[in-house]
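Chain by chain, the residues run as shown.
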Amino acid sequence: MNFRRIEIIFLVTFIAIDIFLFGMFKKNMNMQADNVSQGDSDSVIVKEMRNDQIKVGNLSKKNAYAFYISGEQSNVLRNQMGQLTNQTPQYVGHELESELKQPINVDQNNPQKTINKLLTDSTFVLFGDQYVYSKDLSTSRNIVYNQKAMGSSIYSSEAQIRFTLNSDHQIVSYTQSYLEGIKSLREKSETISETRALIWLYQYNEIPNNTTVAWTNLGYTKLLSIDGDRVFIPTWIIAIRPQNSTQIQLKRINAFTGGIIKETDENLKNSQSSMD
Amino acid sequence: MRFSKYLIPLALTIAVVVSLTLSVVLWTNPANYRTNKQTAQSPTSQQMVKPRGYVYSPVQAIHTNADGSQVILVNKLVNTVTEIKKTMKNYKDPHIKTLSKNSKVDYFRIANQTDSIMLNYSDTVSMKMVNHIVHNRFKKLPNYKINRIVLPTNNSTKLYLLADKNFTVYEIDIKKHSLKSLNNVLKMDMRTQPASFKLLNNQPTVYVTTAVQMQPYKYLIDRQSDDYYVSRLLNSADSQNINVKRRKKTTIYGDQSSLQLIFNSSNRMAEFSDFRPNHNLRNLTSTLNDSYKNLIKLGVPMDNVRFFSYDQKTRSVMYRTYVEGFPIFRSDGFGTVSTRTLNSSAQRSEFSLDNPEVPLPSNKGYTSLPSTETMLKRLENRGYNIKKISKTRIGYTWTKDKTSPLLIDLTPDWYVYYNNRWLSYTSLMNQY
């Protein structure tokens, strides 16, 4: 009987030891995962950001693919604007400014639905099928379409259509710029992920505390101009908004090198400041 | 009653065994002794680090179609080698055997087999490097040295590895896998260049059989300052005093004892010497691994930088930047980075402070390079001993642009390895 009691005591002790060891083992596994995978250290930094009162949504860790591209600023809009009807187009400094003779009604909540249909008509807008709606840059009075390029779109005032709406949700005029002959300058290469772009921006101290990351987009932005040619690089465009403010600031991260692009494109900023 | 008599001893035995197993696992796990390394990660050391499988990658893909004709798959919208590498991940249960040795016939029969893609490394690598591109599937295979990988596009259970030395052919048997993605790569938008794979002075060589149309490039360069490298390389904890010596065109930074950094402002090259003890290992795998670590430590931009060659005599590893799948040569034959182990207490890296970053649109149109045969014949007619050529490559010549210090011109040219040096065809033809 005594032996049985000893057995029970031993059993209880060993079960306790097992539980303790198992706890150690699990902790070890977690530690290992932390050490091994880069992804986890990323999420630690994202946590750090959230502790700094920076609001971020769910971030993608997937690497995308992109190109270096170029396009040419040409006079093709001027040459072809004769075919536009029911409007008075003017060509000023590589931009086509056109006032509609009759305002066109658009859907109040989804203006792009109406406009997407209109863009297929080449007597309304030239090369309309080469543009895509940008929800992030648009406001209730100013609908922005970016020119498409190699599976993404260009964020530049030199490749954009901006529709101006009146208070009755009618298009009254638009401004268009267009780049001709968009081509890749080099083969497809891997870009950094959304998470990494944001982390680097954070580590460059470019995201102040108490801000919200309003949106992030991978698009092409202008690097430089050589005569009429424009060179675009894939860029993570990150919009941050201080809390208690509606003013959005745009930050750009080179999606190939991860470097910050300091000089913000003036015109991009202009289209932003019209935000209300 | 009888059952419960055995219950407690049995439970006790299990408990003891479990505790022993867990103890062994915990004791033998190295993670135990490691502290959490994240804290050591400093935000200042940001750079785009490319994995080993990126740097030690094949640099050329050759497709042999059903009738035996061959083409080089040249990058246009996609990097052909990268696309093919992406499909090389589902190699289950690999077994390797030596198919033949010292037989040129067998070597070329496998290399030039119909319906296959051959991936060529720029120089000999070891199986451990191949393992990096096949998602670790070959980790159990012996560490053979190889130069080429042959992927049949119609046989999903076999792969071949070719070693140029001794004309060795290894066959790897794998479980049946889908060849759909590999065949899809061939349908992608790419340029092709007729070629044939045969011997040149007893060295397997890719011959280009027709004139090649090549695009000259203008590149915007990434111009790195001396300071970046000084703070990166000389700022270790044990070196507080960095002294500077300036001569005409060179600036020498040193920390008195173990590290030295020399910048040459005329050709924008730098040399980093490390006199701390190193492993001084001579085998190929450790040399390449060490060299990779040094490459990362330097912090040079690694975009499109690939392993180019390893010279066993000088123990130097050369890396070059590739454009459209062709390597860049500077006027002195140098590439982007070279690392070298001199002895157990000296390692030296040379690197370029300027690196091509963004290609610029060029209206120059294509230039034409002669076929390999024509090129060799012309060199022979000029009086060169063709027997001394062991390797040929199509490459780009780096020249400074006259209009801006931030631009370089890359001009296509033939390069031959002549008298142990890389020389351009144009320079050889203009010499006499």
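Residues numbered from 1 in each chain as written. Chains lettered and ligands numbered in written order. Predicted model: local features only at pLDDT ≥ 70, side-chain atom pairs only at ≥ 80, totals over all residues.

Engineer: Can you help me understand the UniProt feature "transmembrane region" (unreviewed entry) in chain A in this one?
Structural biologist: UniProt annotation of "transmembrane region" (unreviewed entry) refers to residues 6–25 of chain A when read in the numbering used here. Split by type, residues 6–25 of chain A is 100% helix and 0% strand. Its first and last C-alpha atoms lie 28 Å apart. (UniProt positions renumbered as here; feature names shortened; annotations may be inferred. Helix = DSSP H or I, 4+ residues; strand = E, 2+ residues; numbered from the N terminus.)

Engineer: In this structure, what is going on with the domain arrangement of chain B? I would like to understand it.
Structural biologist: In many reports, interface size means the accessible area that the parts give up when they come together. Residues and elements named next belong to chain B. The domain boundaries assigned to chain B delineate domain 1 (52–210) and domain 2 (218–432). Domain 1 and domain 2 are separated by 27 Å when their C-alpha centres are compared. Each partner contributes to the interface: domain 1 provides 25 residues, whereas domain 2 provides 24 residues. Among the elements of the structure, helix H2 (52–55), strand E4 (116–126), helix H5 (127–133) and strand E9 (203–208) are those that each provide at least two residues to the side of domain 1 that touches domain 2. By residue number, the principal contributor to the side of domain 1 that touches domain 2 is E4, which donates five residues. Residue classes in the side of domain 1 that touches domain 2 are distributed as nine nonpolar, twelve polar and four charged. (Domains from an automatic or database assignment. Contact = placed C-beta atoms within 7 Å. Nonpolar A, V, L, I, M, F, W, Y, C, P; charged D, E, K, R; others polar.)

Engineer: Looking at this model, I keep getting lost on the domain arrangement of chain A. Mind explaining?
Structural biologist: All names here are of chain A. On domain assignment, one finds that chain A holds domain 1 (53–68 + 185–265) and domain 2 (73–182). The interface is formed by 15 residues belonging to domain 1 together with twelve residues belonging to domain 2. Sorting the residues of the side of domain 1 that touches domain 2 by element identifies strand E13 (211–226) and strand E14 (229–242) as the ones contributing at least two each. In terms of residue count, E13 provides more of the side of domain 1 that touches domain 2 than any other element does, seven residues in total. For the side of domain 1 that touches domain 2, a count of residues per class yields eight nonpolar, four polar and three charged.

Engineer: Honestly, the nonpolar core in this entry has me stumped. Any pointers?
Structural biologist: Nonpolar side chains tend to gather and get buried jointly when the protein is soluble and globular. Of all hydrophobic cores here, the largest spans 126 residues; its most connected members are A:Ala197, A:Ile238, B:Val130, B:Val150 and B:Leu162. Sort the elements by how many residues they give to this core and E14(A) lands first, with seven residues. Once you skip the residues sitting within four places of it in the chain, A:Ile238 turns out to touch A:Ala197, A:Leu198, A:Leu201, A:Val213, A:Thr216, A:Lys251 and A:Ile253. Ranked by size, the runner-up nonpolar core spans 17 residues in total, among them A:Val106, A:Phe124, A:Tyr133 and A:Tyr174. (Core = buried A, V, L, I, M, F, W, Y, C linked by C-beta atoms within 7 Å. Buried ≥ 20, exposed ≤ 12 C-beta atoms within 10 Å, placed from the backbone.)

Engineer: Explanation requested: the interface of chain B and chain A in the structure shown.
Structural biologist: Listed as interface residues are 33 residues of chain B and, on the opposing side, 37 residues of chain A. Sorting the residues of the side of chain B that touches chain A by element identifies helix H1 (2–28) and strand E21 (354–360) of chain B as the ones contributing at least two each. By residue number, the principal contributor to the side of chain B that touches chain A is H1(B), which donates twelve residues. Residue composition of the side of chain B that touches chain A, grouped by class: 19 nonpolar, ten polar and four charged.

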